[in-house]
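Summary of the model geometry
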Amino acid sequence: LRYRVFYEEMAAKPSEIMAQKRRDFDAFDEYCDHLLVIDTDKPAGDSQVVGTYRLLRRSIAEKHGGFYSPWEYNIDRILEHSGELLELGRSCVEGPYRTRATMTLLWRGIAAYVMYYDVPLMFGCASLEGINPVDHSETLSYLHHFHMAPPEIRAVAQPEHFVDMNLLSKEAVSGRSALRSVPPLIKGYLRLNGFVGNGAVIDKQWNSIDVSIVVKTDLVTQKYRDKLT
């Protein structure tokens, strides 16, 4: 699923071995937990998996060299928080399944996970397609002006990767228009009172512009509890 979406649909550039195996993978996969949405009405096999998230807790990351995010972002402020932390990554949904129902299943799974492991804070990166910031000037500026994380949980793009998100003045950004341009995944984080970090990162291999996301999980778990009562 990840290979089909990231490399065939979104034009990321696979390594030679990934192309041969038609699989997206890295060293983190071996010790992360993987949340899956499975369509059991489809024939048995890989095609049954129609949605996924990769989950990495601090207690696991510390045993294996740390989190994935610091390649792009300085997350020291996030790491200062005590207790368990959760890094979200490799979010991926098959095209025909990009619906509210699928995302609800994924978020219910994440909510159950953070409740089980008592995770107060989760973070990760989310992407805008393409590598030209000007193409996303309204979106990036909107996120910068209206959804910047408070300093105590704010990630900052590493200096060698830092791309200023403040491309338009706050007055020039139309909130309603800009919100429509925000990708559904990022919009979902915002609905949960999520924040973005300072600075975007261009990832040429993934044909994307990444933004850092951080979410306090209290609202996530409350919505999950509400659905059970």
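Residues numbered from 1 in each chain as written. Predicted model: local features only at pLDDT ≥ 70, side-chain atom pairs only at ≥ 80, totals over all residues. Heavy atoms only, no water.

Moving on, we come to unusual backbone geometry. Of note in this structure, D118 is not a glycine but carries a positive phi near 55°. Tracing the chain through its elements places D118 in the loop between α5 (100-116) and β5 (121-129). On the basis of relative accessibility, which here comes to 61%, the residue D118 falls in the exposed class. (Helix = DSSP H or I, 4+ residues; strand = E, 2+ residues; numbered from the N terminus. Buried < 20%, exposed > 50% of the residue type's maximum accessible area, 1.4 Å probe, protein only.)

A few words on the nonpolar core. Counting residues in each nonpolar core, the largest one holds 37 residues, and the members touching the most others are Y53, M122 and I186. For this core, the secondary structure elements donating two or more residues are β1 (33-38), β2 (49-57), β4 (85-93), α5, β5, α6 (137-146), α8 (184-191) and β10 (208-216). Among the elements that make up this core, the one with the highest residue count is α5 (6 residues). Non-local contacts of I186, meaning those with residues more than four positions away in its chain, are made with A126, S127, L128, L143, V211 and I213. Counting 19 residues, the second largest nonpolar core, distinct from the first, contains C32, L56, A61 and A157. (Core = buried A, V, L, I, M, F, W, Y, C linked by side-chain atoms within 4.5 Å. Contact = heavy atoms within 4.5 Å.)

To continue, consider the pairing of β2. Buried residues dominate β2, accounting for 9 of its 9 residues. Relative to β2, β1 runs antiparallel, the two being bridged by 6 bridges. Each residue of the ladder has a partner; that of I38, found in β2, is V49. (Pairing = 2+ DSSP bridges.)

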